[in-house]
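Overview (structure and organization)
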Amino acid sequence: MMMRCLARLLTGLAFLGLAATASAQEQGDTIVFGVVATEQSENVLALWEPFVEDMRRDTGFDVQLVSAGDYTGVVEAMRADQVQIAWLTNRSGLEASRRANAEVFAKFIYPDGQLGYRSIIIVPVNSPLQSLDDLLVCDGSVDFGFGDPLSTSGTLVPNAYIFSPRGIDAQQCFNQVTRASHEANLLTVANEQLDAATNNTTNIERLERTRPEVIEDIRIIWRSPLIQTDPIMWRRDLSSEARSRIQEFFLTYGWRGDEAQRSREQGILRELEMGGFLPATNDHFLPIQRLELIDRRGATLAEISAVEADETLNDVLRDERLAELNATFAEIEAELAEVARQEREIATQQVSIEIEAARARMLANPDETRDEVSSLVETFLQDQGAPPPQSVSQNISHRDDSDPTLFRASIGLIAGLLVFGLVLFVSQPPKYAPTRLMTDRLIDAVIWGGFFGLLIWSFWPAEVFKFPLLSANSDRMGEYLAGFARPDFSEWRNYMEQILVTIQIALWGTFFAVVLAIPLGLLGASNIAPFWIRRPVRIVMDGLRAINELVVAAVFVAAVGLGPFAGVLALAFHTAGVLGKLFSEAVESIDEGPVEGVRATGAGPMNEVTWAVVPQVIPLWASYALYRFESNTRSATILGLIGAGGIGQVLIENIRSFEYGKTAVIIGIIIIAVTLVDMLSQVLRKRLM
């Protein structure tokens, strides 16, 4: 009876989810705006929220603000039509135009009016490296840090201007090459744990205001030519009406209305380190395409030189290979010429100049209300064939700004009370059955009622109503997974080396964890240590378990720099908390007979532990340690997110570079490695138990 009632309740929840999903899908006035969290996600969202709130009011759309930790996340969300508008970098924006049906409609300018920034290479202030020539000795003595694979200033520009023209492979030139965010690279260089790294002038200027003491510890040895500012992109399938409203909002924001309105909006833009927006198209990416072609040209020239110097090739094979490479080189040269021609014909150049001039006149006469910028934007939109923006006052008046949290909590409470009553009724024993205490029935009813009440309350925040989208959008998932169906084995030797490093990280991390966990386990056992020792030790173990390995690794990066050792320490401290708890529970379950026997001989507490406790728990401790070694092998792959080395770092780099063929091979290697470790652990556990 009770199970049938619960089944009906779950069925009702499923129908509720379907209805909520249908309602969400029918809401055509929702637009998702994606931004990249270059620092803490909550800080980024807080900075953008006032801007997005103005966008909601002025466009009439329900604009939802979301963020992702890297560029790939936003691009893939846009590809799946889960994000319609996005702020991206030049390099990631180019990938969005290729993969996500996206195009540029605006770009931002800095508060001082500058249209770009520069890639730089930084070194510690006391470093002997004084110039690029010192950096590029390539004697394997320098540790170098790149940015995200899709970072324009952190990867693409340095490759195009420094390494590719010189035919230098960074992996061969330097002792160690790592990848991390601009902030992580700067802090690692400032702490003299990295010899040199890429960065950009925007990040340096921001830190000069917020953390000037860090900037004093670094020095710039190279600056790139100017890189234009980042693009704002939308999906091409947005309606013309939506495009018109959104583009008008961006291009006039901060430069419209009276002085009070302009001052308020400029304040919001300054918090975002922006001064306004200019119109742009996909021609915005022409300089980036040129850099990509320069990078490819350098790699092709290096390959030509390698083939010419390869004495293992006979003349026929050498000539064939050189002919292919020369044809590729000619194609790249032709593409470079075409890109150069297109760069001279950027459609938005003239209107950008006119808008800048109009804004300068507004700044010179702030008390005089001018509509020049709005007029120029309206003319530009008409020239592009876009319909004029319609009034959105009717949309604004019907916006529902009520907070749904209380309503959802009320529904959860009602559902919990219904289940409470149902369980209390069903748990009543039949007339001639043994009676149950009313307190037991009440406790069961409270547990089940609370459980289902929490499920209902969490239904909307957890977005469980989106479950049917798995079926509705299965074709999108298939399109994404298709990229993994063509494995690329070209770098399998490097992957094998890195998976060995990952296993070594897990091995040493587990070893250090066991060393820490043994005293923690003994001092945390209730039958060994008194309360005043046991309680603080257990709090320490709780703290070690509660903090994720990624957080611990980020702390150790500040001390030991990027690389595998930070991963070893992160696994060691987190796992010590887990094993300490398991070890203490094993000690608490021992047979007290041997302990009493040793104690009867007059031995002290240390001898009791050594001769009566440890021999009983060693097999179980060893089994727990082997389980954690297997688990740490998997965890070590995730530490690549913060540059802790091993196969995880290579995996993250290939995912962010959209190299899904290589990613498929890496995932396969990880699966095989974890399986082998699991088999080895099973054999060892059988021997020990």
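The rules we used
- Residues numbered from 1 in each chain as written.
- Predicted model: local features only at pLDDT ≥ 70, side-chain atom pairs only at ≥ 80, totals over all residues.
- Heavy atoms only, no water.
- Pairing = 2+ DSSP bridges.
- Helix = DSSP H or I, 4+ residues; strand = E, 2+ residues; numbered from the N terminus.
- Axes fitted to C-alpha atoms, helices over the stretch in contact; angles between N-to-C directions.
- Contact = heavy atoms within 4.5 Å.
- Disulfide = S-S within 2.5 Å.
- Buried < 20%, exposed > 50% of the residue type's maximum accessible area, 1.4 Å probe, protein only.
- Parallel < 35°, antiparallel > 145°, perpendicular 65-115°, else oblique.
- Left-handed = near helix turned anticlockwise from the far one by under 90°.
- Nonpolar A, V, L, I, M, F, W, Y, C, P; charged D, E, K, R; others polar.
- Phe/Tyr/Trp six-rings, centres within 6.5 Å; stacked < 30°, edge-to-face > 60°.
- Expected span 1.5 Å × (residues − 1).
- Arc of directions from axis to C-beta.

**Things to note about the sheet that holds strand β1 (residues 30-36)**
- Ordered in space as β2-β1-β3-β12-β4-β13, the 6 strands form an open sheet in which the pairing is mixed. Bordering the open sheet on either side are β2 (62-68) and β13 (276-279), each of which pairs with just one other strand. Within this sheet the neighbouring strands show an average axis-to-axis angle of 25°, counted without direction.
- Both strand β3 (residues 85-87) and strand β12 (residues 231-235) contribute to a ladder of 3 bridges, which runs antiparallel. Opposite I85, over in β12, you have W234 as the bridge partner.

**Examining the sheet that holds strand β7 (residues 143-146)**
- The 5 strands are arranged β8-β7-β9-β6-β10 in an open sheet whose pairing can be described as mixed. The open sheet has two edge strands, β8 (176-179) and β10 (218-223), and neither has a second partner. Strand-to-strand twist of the sheet, defined as the mean angle between neighbouring strand axes without regard to direction, takes the value 30°.
- Relative to strand β9 (residues 196-200), β7 runs parallel, the two sharing 2 bridges. Paired with G145 across the two strands is A197, which belongs to β9.
- This element, helix α6 (residues 152-166), spans β6 (119-124), β7, β8, β9 and β10 of the sheet and lies at about 120° to β7.
- Each of β6, β9 and β10 touches helix α9 (residues 201-210); the most contacted strand, β9, lies at about 85° to it.

**Let's talk about the state of the cysteines**
- Across all of its chains, the model carries 1 disulfide by this definition.
- At a sulfur-sulfur separation of 2.0 Å, the disulfide partner of C138 is C173. Taking the sign of the S-S torsion, about -90° here, the bridge from C138 to C173 comes out left-handed. Of this pair, C138 sits in the loop between α5 (132-135) and β7 while C173 is found in helix α7 (residues 170-173), placing the two residues 35 residues apart along the sequence.
- Using a relative accessible area of 32% as the deciding quantity, one classes C138 as partly exposed.
- Under the relative-accessibility criterion, C173 is labelled buried at 3%.

**Let's talk about the side chain of E292**
- Within the secondary structure layout, E292 lies in helix α13 (residues 286-309).
- Since its relative accessible area comes to 15%, E292 is described here as buried.
- Once residues lying within four places of it in the same chain are set aside, the contact partners of E292 are R91, L94, R98 and L156.

**Description of the packing of helix α25 (residues 564-588) against helix α27 (residues 605-638)**
- Relative to each other, α25 and α27 sit at 150°, their axes nearing to 10 Å. In terms of axis orientation, α25 runs roughly antiparallel to α27. Note on packing geometry: the crossing formed by α25 with α27 is right-handed. From α25, L571, H574, T575, V578, L579, L582, F583, A586 and V587 reach across to α27, where they touch V613, V617, L620, W621, Y624, A625, R628, N632, S635 and A636.
- In terms of residue class, the contact of α25 with α27 is built from 14 nonpolar, 4 polar and 1 charged.

**What about the packing of aromatic side chains?**
- What the rule picks out here adds up to 26 aromatic pairs.
- Centroid distance F33 to W48: 5.3 Å. Interplanar angle 85°. Geometry classified as edge-to-face. With F33 in strand β1 and W48 in helix α2 (residues 41-59), the pair connects residues that are 15 residues apart, well separated along the chain.
- Between F33 and F250, the aromatic rings sit 6.3 Å apart at their centres with planes inclined by 85°, giving edge-to-face as the arrangement. Taken together, the residues F33 in strand β1 and F250 in helix α11 (residues 240-252) connect sequence positions 217 residues apart.
- By way of ring pairs, the aromatic residues F33, W48, F51, W87, F105, W234, F249, F250, Y253 and F277 are connected into one cluster.

**Here's the deal with helix α12 (residues 259-271)**
- Taking 1.5 Å as the rise per residue, α12 with 13 residues should run 18 Å; its terminal C-alpha atoms sit 18 Å apart, in good agreement.
- Listed in full, the buried residues belonging to α12 are R262, E265, Q266, I268 and L269. Burial along α12 is one-sided: seen end-on, the buried residues are contained in an arc of 155°. For α12, the exposed residues lying more than 90 degrees away from the buried face are A260 and E271.

**A closer look at unusual backbone geometry**
- Even without glycine at this site, D81 takes up a positive phi of about 65°.
- Looking at the secondary structure, you find D81 in the loop between α3 (71-79) and β3.
- The backbone phi angle of E273 is positive, close to 60°, even though this residue is not glycine.
- Looking at the element boundaries, E273 is found in the loop between α12 and β13.
- You can call E273 buried: its relative accessible area is 18%.

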